[in-house]
Amino acid sequence: AREPTLEPCAVPPERSHLTVLVFHAADDADVQRARDALRDCAPLAQRAFGQAPPALSFSGLGSFGQNVLFARVGPANADLEALSRFVEDVRQLYEHRELIPPSPGEGPAWVPHVTLLKTS
């Protein structure tokens, strides 16, 4: 059944994506450094995936608080492992460019998911 009150919160399929990194660009210099870093992600993606996009599956739902409902990526396979390494490479690149703070240590900093509903 459709829930009309949630319809505006649904993420259209054509806007589906995996978020690799979230950061805040405080000024124009940050925006330029982020553009340069994004350009430098292309060889990382080429190394991680070659010419074929990763083949991923979904297993269940999760949420970030009460604002985001998402589909979990899994179970683990070689493509998810390659994607996880790519995400870590991107994080290190943006950290090196001082666009994000250094990683606080061990732990699941990245949750592979596709957002289905977002209320914020």
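What counts, and at which threshold
- Residues numbered from 1 in each chain as written.
- Predicted model: local features only at pLDDT ≥ 70, side-chain atom pairs only at ≥ 80, totals over all residues.
- Heavy atoms only, no water.
- Helix = DSSP H or I, 4+ residues; strand = E, 2+ residues; numbered from the N terminus.
- Contact = heavy atoms within 4.5 Å.
- Salt bridge = Lys/Arg side-chain N within 4 Å of Asp/Glu carboxyl O.
- Buried < 20%, exposed > 50% of the residue type's maximum accessible area, 1.4 Å probe, protein only.
- Pairing = 2+ DSSP bridges.
- Axes fitted to C-alpha atoms, helices over the stretch in contact; angles between N-to-C directions.
- Phe/Tyr/Trp six-rings, centres within 6.5 Å; stacked < 30°, edge-to-face > 60°.
- Polar contact = N/O pair within 3.5 Å; in protein donor to acceptor, adjacent residues only side chain to side chain.

What about the side chain of Thr-115?
Checked against the element boundaries, Thr-115 lands in strand 3 (residues 113-118). Discounting residues that sit within four places of it in the chain, Thr-115 has contacts with Val-11, Val-68, Leu-69 and Phe-70.

Some points on the pattern of salt bridges
Counting across every chain of the model gives seven salt bridges. Linking Asp-40 and Arg-39 is a salt bridge whose minimum nitrogen-to-oxygen distance equals 3.5 Å. The class of Arg-39 is exposed, set by a relative accessible area of 52%. Linking Arg-47 and Asp-89 is a salt bridge whose minimum nitrogen-to-oxygen distance equals 2.8 Å.

Description of the environment of Pro-75
In this structure, Pro-75 sits in the loop between strand 2 (68-73) and helix 2 (78-96). When the C-alpha atoms of Pro-75 and Ser-59 are compared, they prove to be 6.7 Å apart, with 16 residues separating the residues in sequence. When neighbours within four sequence positions are excluded, Pro-75 is seen to be in contact with Ser-57, Ser-59 and Leu-80.

Concerning the sheet that holds strand 3
Strand order in the open sheet formed by three strands is 1-2-3, with antiparallel pairing between adjacent strands. One side of each edge strand has no neighbouring strand; the edge strands of this open sheet are strand 1 (58-64) and strand 3. Along the sheet, successive strands turn relative to each other by an average axial angle of 25 degrees, direction set aside. As defined by bridge partners, strand 2 adjoins strand 3 across five bridges and the pair is classed as antiparallel. Its bridge partner lying in strand 3, Val-68 is registered against Lys-118.

Details of the packing of aromatic side chains
The geometry of an aromatic ring pair comes down to the distance between the two centres and the angle between the two planes. The full count for this structure, using the stated rule, is three aromatic pairs. Arranged with centres 4.6 Å apart and planes meeting at 35 degrees, the rings of Phe-64 and Phe-70 form a pair that is tilted. Under the relative-accessibility criterion, Phe-64 is labelled partly exposed at 36%.

So, the side chain of Arg-91
Along the chain, Arg-91 falls in helix 2. Exposure remark for Arg-91: the relative accessible area of 16% places this residue in the buried category. Among the polar contacts listed, one links the side chain of Arg-91 to the side chain of Glu-88, at a separation of 2.5 Å. Among the polar contacts made by the side chain of Arg-91, one reaches the side chain of Glu-95 at a distance of 2.3 Å. Non-local contacts of Arg-91, meaning those with residues more than four positions away in its chain, are made with Leu-21, Ile-100 and Ser-103.

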